Amino acid sequence: QVQLVESGGGLVQPGGSLRLSCAASERIIGIYVMGWYRQAPGMQRELVAIITSGGSTNYADSVKGRFTISRDNAKNTVYLQMNSLEPKDTAVYYCNRRVGVNDSWGQGTQVTVSS
């Protein structure tokens with residue numbers, strides 16, 4: 001499995017922005033899907049955004065227009081730009097990569113949106 005390391009979480013006020021990064025240990029050959037998930041205390045993990053090896057993206061309705069997923073293939077890194085953050089965005093954010101039937105997960109990074 002590929003190793004994924006997230007960074008960029010922290011404490012931010014409502015309306016603020018954060019940029020999360022997910023660095024992969026190696027380049028993946030072929031078709032893959034990478035995604036950002038989040039899990040708030042007492043809640044199920046939910047999908048936030050995905051990006052395919054072909055560059056297609058999809059977003060949860062709750063973050064459309066505010067979050068942007070992107071990648072830098074040369075750096076083996078995927079990003080999640082989060083703007084107009086709201087308290088309900090508070091969660092641990094996880095990076096995921098799926099290749100075929102194989103899933104890899106990062107350790108998670110905490111995002112807290114609070115006054």
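Figured I'd write up the structure that's included with this text.

Calculation criteria
Residues numbered from 1 in each chain as written. Predicted model: local features only at pLDDT ≥ 70, side-chain atom pairs only at ≥ 80, totals over all residues. Heavy atoms only, no water. Helix = DSSP H or I, 4+ residues; strand = E, 2+ residues; numbered from the N terminus. Rg over C-alpha atoms; globule rule 2.2 N^0.38 Å. Buried < 20%, exposed > 50% of the residue type's maximum accessible area, 1.4 Å probe, protein only. Contact = heavy atoms within 4.5 Å. Areas by Shrake-Rupley, 256 points an atom, 1.4 Å probe, with all protein chains shown as cover. Lys, Arg positive; Asp, Glu negative; His and termini not counted. Charge placed at Lys NZ, Arg CZ, Asp CG, Glu CD. Pairing = 2+ DSSP bridges. Polar contact = N/O pair within 3.5 Å; in protein donor to acceptor, adjacent residues only side chain to side chain. Phe/Tyr/Trp six-rings, centres within 6.5 Å; stacked < 30°, edge-to-face > 60°. Lys NZ or Arg CZ within 6 Å of the ring centre and 35° of its normal. Salt bridge = Lys/Arg side-chain N within 4 Å of Asp/Glu carboxyl O.

### Quick look at the overall build of the chain
From N to C terminus, the chain includes zero helices and 11 strands. For 115 residues, the compact-globule estimate of 2.2 N^0.38 gives 13 Å, and the chain sits close to it at 13 Å. Based on the C-alpha atoms only, the size of the chain along its principal axes is roughly 45 × 25 × 25 Å. Sorting the 115 residues of the chain into buried and exposed places 38% on the buried side. Long-range pairs, those at least 24 residues apart, make up 51% of the contacts in the chain with a sequence separation of at least 6. For the chain, the computed accessible surface area is about 6,500 Å², with 48% contributed by carbon and sulfur atoms. Here the chain contributes 11 positively and 8 negatively charged side chains, and the mean placements of these two sets differ by 3 Å.

### Focus on the pairing of strand 3 (residues 18–24)
Burial analysis of strand 3 places five of its seven residues in the buried class, which makes it a mostly covered element. Two elements, strand 1 (residues 4–7) and strand 3, share four bridges in a ladder whose sense is antiparallel. Residue pairing for strand 3: Ser7 is matched across the bridge by Ser21. Pairing of strand 3 with strand 8 (residues 77–82), which is carried by six bridges, proceeds in the antiparallel orientation. By the bridge assignment, Leu20 is partnered in strand 8 with Leu80.

### Points about the side chain of Arg66
By the secondary structure assignment, Arg66 is in the loop between strand 6 (57–59) and strand 7 (67–72). A distance of 2.9 Å separates the side chain of Arg66 from the backbone oxygen of Ser62, its partner in a polar contact. Within the structure, the side chain of Arg66 is placed 3.0 Å from the backbone oxygen of Ser84, a separation counted as a polar contact. Leaving out residues up to four positions away in the same chain, Arg66 has contacts with Gln81, Met82, Asn83, Ser84, Leu85, Glu86 and Asp89.

### Structural notes on the packing of aromatic side chains
Applying the stated criterion across every chain yields a total of one aromatic pair. Directly above the aromatic system of Tyr79 lies the positively charged group of Arg19, at a separation of 4.0 Å from the ring centroid. The cationic tip of Arg45 hangs over the ring face of Tyr94; the distance from NZ or CZ to the ring centre is 4.6 Å.

### Concerning the pattern of salt bridges
Scanning the model with the defined rule gives five salt bridges in all. The partner of Arg38 in a salt bridge is Asp89, with the nearest N and O atoms 2.9 Å apart. Of this pair, Arg38 sits in strand 4 (residues 33–39) while Asp89 sits in the loop between strand 8 and strand 9 (91–99), and the two are 51 residues apart along the sequence. Its relative accessible area of 2% is what places Asp89 among the buried residues. For Asp103, the salt bridge goes to Arg98, with nearest N and O atoms at 2.4 Å. According to the relative accessible area criterion, Arg98 is partly exposed, its value standing at 42%. Ionic contacts of the salt-bridge type, sharing partners, join the residues Arg38, Glu46, Arg66 and Asp89 into one network.

Keep in mind that these numbers describe shape and distance, not what the molecule does.
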